Amino acid sequence: KPCGRHGRRLHLARRAILVYKTRNMLEAIQIRKSYEGRPLLAGISFTVRAGETLGLLGPSGSGKSTLLRILAGLEEAEGGDMRWDGESLAQVPAHKRNFGLMFQDYALFPHLTVAGNVAFGLKMQRLPKAETARRVAEGLGQVGLAEFSGRRVTDLSGGEQQRVALARTLAPRPRLLMFDEPLGALDRSLREQLLGDLRAILRATGVPALYVTHDQEEAFALAGRVILLHEGRIVQQGTPAEVAARPVDAWTARFLGLGNVLAGTVAPDGRVETAAGTWRPACGHAHAPGREVSLLVRPEADLAGDGANCASGRAADVIFQKDHFRVTLENGLVARLARPVNEGELVTVSFQVVECLG
């Protein structure tokens, strides 16, 4: 055991590491909120760690935007607490929390230039003019708009306006970034480009972030960890790979678009009988005959003659999607095939993965 001067230095070093690891951390503890007498948030608890981007994913009406506004101090919770580095934020007003909040509608000032919009929050902080100018230039450089400072925001495209809004959010150097569906109004190609830019900026700054969206592709592309919110409750959380590999229930599998979700009954031989055929899941679960379960039939499949986990029928719809063909059979099953088939053609499809969800 180290002792003396060396031992004290080692103790202080370990303590410094511990303090560093716990800095810049947001905790939501049993947050509750109701709407028209019905629970909207039913005891939500999670942590945003230092340097982490956490995705809050859920359908419209699941309470995710309300939760974000509560954390930002724009709404009051009916119960629970919020803590930053262990200290409660319950009595801290929104403007003193030093959280950067970015919405889908940009909320830019049309009468100001690009630089004027980015500088707005800095002027509210009463920073010196030189420091304000330096941070404006820094923020516009981060989002690739260094040459746009003198332009009016009304002359910019939607994507450029979104970049200005991001620069304005970054300029005050918030200790936490919060995004509420920020890319929802953009087309797919522009959204993908801005997602890449935003990912790079978050990595470069190291600022922890909470990203709210209903789009699982956005959440999976940006966040290191995701939380799925449904009817005011957290149904699952983990890395994008973990959540996609092991959905906890049928709702999660459907919401994430992971494949065909079928309701069925366990037969005496262990197979599962459904309206779309009989299946043998490879999940390792032991289910009693007669039990009702849900199956996830992943869409990856091959054209085949027969075998386990096959389905036959006519191709009701065929769509080419980049590197595969999305084929919908007449019974509603969707398969991803490497080879094309013709609409109306009678085919037998062998699905590669069938899992039992419970």
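Our structure is the block above this text.
All figures in this text were calculated on a predicted structure; none of them were measured in a lab.

Criteria and cut-off values
Residues numbered from 1 in each chain as written. Predicted model: local features only at pLDDT ≥ 70, side-chain atom pairs only at ≥ 80, totals over all residues. Heavy atoms only, no water. Helix = DSSP H or I, 4+ residues; strand = E, 2+ residues; numbered from the N terminus. Buried < 20%, exposed > 50% of the residue type's maximum accessible area, 1.4 Å probe, protein only. Contact = heavy atoms within 4.5 Å. Areas by Shrake-Rupley, 256 points an atom, 1.4 Å probe, with all protein chains shown as cover. Core = buried A, V, L, I, M, F, W, Y, C linked by side-chain atoms within 4.5 Å. Pairing = 2+ DSSP bridges. Phe/Tyr/Trp six-rings, centres within 6.5 Å; stacked < 30°, edge-to-face > 60°.

Peer 1: Can you help me understand the overall build of the protein chain in this one?
Peer 2: Helix and strand content of the protein chain: nine helices and 20 strands. Along the three orthogonal principal directions, the C-alpha set of the protein chain runs to about 75 × 60 × 50 Å. Looking at the protein chain residue by residue over its 358 residues, the buried ones come to 43%. Residue pairs at least 24 apart in sequence account for 65% of intrachain contacts in the protein chain once pairs closer than 6 positions are excluded. Counting every atom, the protein chain has about 19,000 Å² of accessible surface; 50% of that belongs to carbon and sulfur.

Peer 1: Sorry if this is basic, but what is going on with the nonpolar core here?
Peer 2: Nonpolar side chains tend toward joint burial in soluble globular proteins. Val 164, Leu 166 and Phe 179 are the most contacted members of the largest nonpolar core, which totals 34 residues. In contact with Leu 166, not counting residues within four places along its chain, are Met 102, Val 143, Phe 179, Leu 198 and Ile 201.

Peer 1: Looking at this structure, how should I read the pairing of strand β18 (residues 334-337)?
Peer 2: The side chains of a regular strand alternate, residue by residue, between the two faces of the sheet. Sheet topology note: the strand β17 (residues 324-329)/β18 ladder contains four bridges and is antiparallel. Counted as the bridge partner of Thr 328 is Val 334 from β18. In sequence, β17 turns back onto β18 through a hairpin of four residues, with Gly 332 there showing a positive phi of about 95°.

Peer 1: What is the right way to read the environment of Tyr 35 from this model?
Peer 2: Its place among the elements puts Tyr 35 in strand β1 (residues 26-35). On the basis of relative accessible area, Tyr 35 is assigned to the exposed category, the value being 53%.

Peer 1: Please explain the pairing of strand β19 (residues 346-351) as it appears in this structure.
Peer 2: Summarising burial for β19: five of the six residues are buried, a large majority. The pairing of strand β15 (residues 301-303) with β19 spans three bridges and is classified as antiparallel. By the bridge assignment for β19, Asp 302 is matched with Ser 350. One ladder, built from five bridges, connects strand β16 (residues 310-321) with β19; its direction is antiparallel. Each residue of the ladder has a partner; that of Ala 311, found in β19, is Val 349.

Peer 1: Teacher, can you tell me more about the packing of aromatic side chains here?
Peer 2: Each aromatic ring pair is specified by the distance between its two centres and by the angle formed by the two planes. Applying the stated criterion across every chain yields a total of six aromatic pairs. With centroids separated by 5.0 Å and ring planes inclined at 5°, the aromatic side chains of Trp 251 and Phe 255 adopt a geometry described as stacked. In this pair, Trp 251 and Phe 255 are both assigned in helix α9 (residues 250-255), four residues apart and thus about one turn of the helix distant. The exposure class assigned to Phe 255 is partly exposed, which follows from its relative accessible area of 22%.

Peer 1: Explain the environment of Val 261 to me, please; I cannot follow it from the model alone.
Peer 2: Its location among the elements puts Val 261 in strand β11 (residues 260-266). With 155 residues separating them in the primary sequence, Val 261 and Tyr 106 have C-alpha atoms 37 Å apart. In contact with Val 261, not counting residues within four places along its chain, are Ala 250, Ala 253, Arg 254, Leu 295, Leu 296 and Leu 357.

Peer 1: Quick question: what am I supposed to make of unusual backbone geometry here?
Peer 2: Keep in mind that most residues, glycine aside, have a negative phi and that most peptide bonds are trans. Unlike most non-glycine residues, Asp 85 shows phi in positive territory, near 50°. Mapped onto the elements of the fold, Asp 85 is located in the loop between β4 (79-84) and β5 (87-88). Phi angles above zero are rare outside glycine, and Arg 126 is one such case at about 60°. Topologically, Arg 126 is positioned in the loop between α3 (114-124) and α4 (129-142). On the accessibility criterion, Arg 126 (76% relative accessible area) is exposed.

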